[in-house]
Amino acid sequence: MNIILLGLPGSGKGTQGNILSKVFNLYKVSTGDLLRDEIKKKSTLSNKIKTLIDKGLLVPDDIINNLVENILSNKNYYNRLIFDGYPRTLNQAKHLDVLVKKYNQKVSFVFNLIVNKDFIIKRFFGRQVCSKCGLIFNEFYYPSTNENHQCDPKFLQKRSDDNEKTVRNRFDTHSKETSPILNYYRNQNLLHEVDGLVDISLISKEIRQIIHSLET
Ligand code: AMP
């Protein structure tokens, strides 16, 4: 099964993606992470991508579609992907349908994590990502400890686009571009709305229950 996680920036898609990928043996595809990797490579596209990300704007669909096709076409991940941060526009959602058909796969579940902006502004400013293992923590809500994290705390980093102006732009972009995607998946009976404000383990439990109750 392929799964899509939708929700405002900072709604917890990355965290749930990490948990669910382990539970269901899925491969997590974060287009944000793929773009940040692309920036590190210092490729010809790097500067363009970095400028857009730092402004909180979306990277053009053709770049994203290529990155996603590389993964969908990889037989190692056949029908076991969990998307975090993709699709972000209706065009990307429609293109994903073309790609899953092309590679004989399907989208089985779409989860929308519902949160409110005030809460996640605080989540943003507390967010820390471990540059060694990729786990995501939050200074305020879910700090890294010896129990939940094995790497040295020196690897914890803030993201360069987690500043106030960029965050506001990302919210605006999300409201404009991403909301139509909800209707797109609602009309296909694939969309499940999940409360993203409760405890992390309760959110993943609810998602797991929905998957188990509908899986054939
Ligand atoms: P994320 O890590 O998902 O919060 O994404 C960080 C930034 O990468 C976003 O604010 C966008 O600038 C860019 N980005 C990530 N995914 C996409 C996508 N599917 N389409 C366009 N831009 C994206």
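Residues numbered from 1 in each chain as written. Predicted model: local features only at pLDDT ≥ 70, side-chain atom pairs only at ≥ 80, totals over all residues. Heavy atoms only, no water.

1. With respect to the sheet that holds strand 3 (residues 81-84)
On the basis of which strands lie adjacent, the open sheet formed by five strands has the order 2-3-1-4-8 and parallel pairing. Of all strands in the sheet, those with a lone pairing partner are strand 2 (27-30) and strand 8 (191-195), marking the two edges. Ignoring strand direction, the axes of neighbouring strands in this sheet form an average angle of 25°. With five bridges connecting them, strand 4 (residues 107-114) and strand 8 associate as parallel partners. Paired with Ile114 across the bridge in strand 8 is Asp195. On the sheet, helix 7 (residues 164-187) packs against strand 1 (2-7), strand 4 and strand 8 and is oriented at approximately 140° with respect to strand 1. (Pairing = 2+ DSSP bridges. Helix = DSSP H or I, 4+ residues; strand = E, 2+ residues; numbered from the N terminus. Axes fitted to C-alpha atoms, helices over the stretch in contact; angles between N-to-C directions. Contact = heavy atoms within 4.5 Å.)

2. Brief notes about the site of the ligand
Taken together, 16 residues lie near the ligand, and Thr31, Arg36, Leu57, Gln92 and Arg170 sit nearest. At 2.9 Å, a side-chain N or O of Arg36 approaches an oxygen atom of the ligand. A distance of 2.5 Å is found between an oxygen atom of the ligand and a backbone nitrogen or oxygen belonging to Leu57. Top contributing element to the shell around the ligand by residue count: helix 2 (residues 31-40), with four residues. Broken down by class, the residue content of the shell around the ligand amounts to seven nonpolar, four polar and five charged. (Near = heavy atom within 4 Å. Polar contact = N/O pair within 3.5 Å; in protein donor to acceptor, adjacent residues only side chain to side chain. Nonpolar A, V, L, I, M, F, W, Y, C, P; charged D, E, K, R; others polar.)

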